[in-house]
Amino acid sequence: TILVGPDESQHTVHKDLLCQKSPYFSAAANDCWKEGQEGRVPIPADDPSAFVLYVQWLYRERIFSSQDMTDTGGNREEIDLLIEAFVLGEKL
């Protein structure tokens, strides 16, 4: 279980997949850490919506968007969320 954001939005992700794709979660899941023993890893500084996109990428190796990236007048909120998800993915 990953607790995302200051409100600790709960997200359940398969441990093996998460650890395979993320050195951060692989380390956090180690039994020598409290997080690994409890099976709960907090990432309080991150956006739950961006984490949902990260999980989508984990399972599908794609992120689906309705945004045409060549359209400069597109939905700014969606573009910002995609950027935030990319930065989160690089961090993790």
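A brief report on the enclosed structure follows. (Residues numbered from 1 in each chain as written. Predicted model: local features only at pLDDT ≥ 70, side-chain atom pairs only at ≥ 80, totals over all residues. Heavy atoms only, no water.)

Time to look at unusual backbone geometry. Of note, Glu-8 is a non-glycine position whose phi angle comes to about 55°, a positive value. Within the fold, Glu-8 resides in the loop between strand 1 (2-4) and strand 2 (9-11). For Glu-61, which is not glycine, the phi torsion reads 55° and is therefore positive. When you line up the elements, Glu-61 lands in the loop between helix 4 (48-60) and helix 5 (76-91). Residue Glu-61 is classed as exposed on the basis of its relative accessible area, which comes to 52%. (Helix = DSSP H or I, 4+ residues; strand = E, 2+ residues; numbered from the N terminus. Buried < 20%, exposed > 50% of the residue type's maximum accessible area, 1.4 Å probe, protein only.)

Here we come to the packing of aromatic side chains. Here the structure, examined in full by the defined rule, presents three aromatic pairs. For the pair Tyr-54 and Trp-57, a centre-to-centre distance of 6.1 Å together with 35° between the ring planes defines the contact as tilted. With Tyr-54 and Trp-57 both in helix 4 and three residues apart, this pair spans about one turn of that helix. Given a relative accessible area of 3%, Tyr-54 falls into the buried group. Clustering of aromatic rings is evident, with ring pairs tying together Phe-51, Tyr-54 and Trp-57. (Phe/Tyr/Trp six-rings, centres within 6.5 Å; stacked < 30°, edge-to-face > 60°.)

Moving on, we come to the packing of helix 4 against helix 5. Where helix 4 meets helix 5, the closest approach of the two axes is 8 Å, and the angle between their N-to-C directions is 70°. The angle between the axes of helix 4 and helix 5 places the two elements in the roughly perpendicular class. Between helix 4 and helix 5 lies a crossing of right-handed hand. Residues Ser-49, Ala-50, Phe-51, Leu-53 and Tyr-54 of helix 4 lie in contact with helix 5, whose contacting residues are Leu-81, Leu-82, Glu-84, Ala-85, Leu-88 and Gly-89. Considering only residue class, the contact of helix 4 with helix 5 consists of eight nonpolar, two polar and one charged. (Axes fitted to C-alpha atoms, helices over the stretch in contact; angles between N-to-C directions. Parallel < 35°, antiparallel > 145°, perpendicular 65-115°, else oblique. Left-handed = near helix turned anticlockwise from the far one by under 90°. Contact = heavy atoms within 4.5 Å. Nonpolar A, V, L, I, M, F, W, Y, C, P; charged D, E, K, R; others polar.)

Purely spatial values, then, with no claim about function.
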